[in-house]
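Residues per chain, in single letters:
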Amino acid sequence: MKKVTNQKRQRYLKEHPISDLFSFPIEEFIEVHEYQRDEWIIREGMRPDYLFYVIEGKAKIYVTYQNGKSSLINFINAEEYIGEMELVNEIYYTKGIQTSTKTVCYAIPLHRFRKQLLGDTKFLLELTKFLSIKAGNMSAKYSKSLSFPLENRLADFILQTADGEVYKEKHVTVCDFLGVSYRHLLHVLAQFCEKGYLQKEGKQYQIKERLRLRELAGVLKNG
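Residues numbered from 1 in each chain as written. Predicted model: local features only at pLDDT ≥ 70, side-chain atom pairs only at ≥ 80, totals over all residues. Heavy atoms only, no water.

Re the pattern of salt bridges
Point 1. Under the definition given, this model contains 13 salt bridges.
Point 2. For Arg210, the salt bridge goes to Glu165, with nearest N and O atoms at 3.3 Å. On the criterion of sequence distance, the pair formed by Arg210 in helix α8 (residues 210-222) and Glu165 in the loop between α5 (150-161) and β10 (166-167) is long-range, its members being 45 residues apart.
Point 3. With a relative accessible area of 22%, Arg210 lands in the partly exposed category.
Point 4. By relative accessible area, Glu165 is classed as partly exposed at 36%.
Point 5. With a shortest N-O distance of 2.1 Å, Glu215 and Arg212 are connected by a salt bridge. Placement of the pair is Glu215 and Arg212 together in helix α8, with a separation of three residues, close to one helical turn.
Point 6. The class of Arg212 is partly exposed, set by a relative accessible area of 30%. (Salt bridge = Lys/Arg side-chain N within 4 Å of Asp/Glu carboxyl O. Helix = DSSP H or I, 4+ residues; strand = E, 2+ residues; numbered from the N terminus. Buried < 20%, exposed > 50% of the residue type's maximum accessible area, 1.4 Å probe, protein only.)

This is the structure in structure tokens:
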């Protein structure tokens, strides 16, 4: 992680203003953190020192079960919070947050601003909206996993996790997240390559037809 300062920090604050989300002046106290791909923003089980607001990039949420198995459970994109559950619930078990691409976050120090944030009705209203949308998206994800073919769900997953035009998620992670067999996943990936949507290069894939993947993924949003 790199903490951004001076002119670059000011540029981020100008390009991604968030003062409207709060009723008190927060921008002068915000830190700007840059993460490279595959860096951990929060380690599982470790309470964060900051409330994060993602302004660029995307990340993945992991949880480890009692049997030791670690699973991908959801995604985080720009204009979403990280650490909001830890802010409002001091006994919440923290999930692991790992970046999928280069990611830039605003970081608000909780030791200094927890009480102000929890007493800020404007911020809490925005946070409530965010949490309700997040809960709705989670419910939709599980219903769609039963209603749509793997082709559509895999296209959406590839677009969610790709770093630019490179897709290289582990097959076992994908199978677990989408609830499909290893064999079925390989079959659909091979079809995507045959149709020219992807091109396999070693252990990763190059996205060649992003538009076609978007069309397949769009079925989920319109369904």
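Structure's up, so let's keep going.
What about helix α7 (residues 182-194)?
Note on helix geometry: an α-helix contains 3.6 residues per turn, so any two residues three or four positions apart are oriented the same way.
Point 1. Taking 1.5 Å per residue, 13 residues should reach 18 Å; α7 reaches 18 Å between its end C-alpha atoms and fits that length.
Point 2. Listed in full, the buried residues belonging to α7 are Leu185, Val188, Leu189 and Phe192. The buried side chains of α7 occupy one side of the element, clustering within an arc of 100° when seen end-on. Exposed side of α7, more than 90 degrees from the buried face: Arg183 and Glu194 are the residues found there.
Point 3. Immediately downstream of α7, the backbone of Gly196 shows phi near 85°, a positive value. (Expected span 1.5 Å × (residues − 1). Arc of directions from axis to C-beta.)

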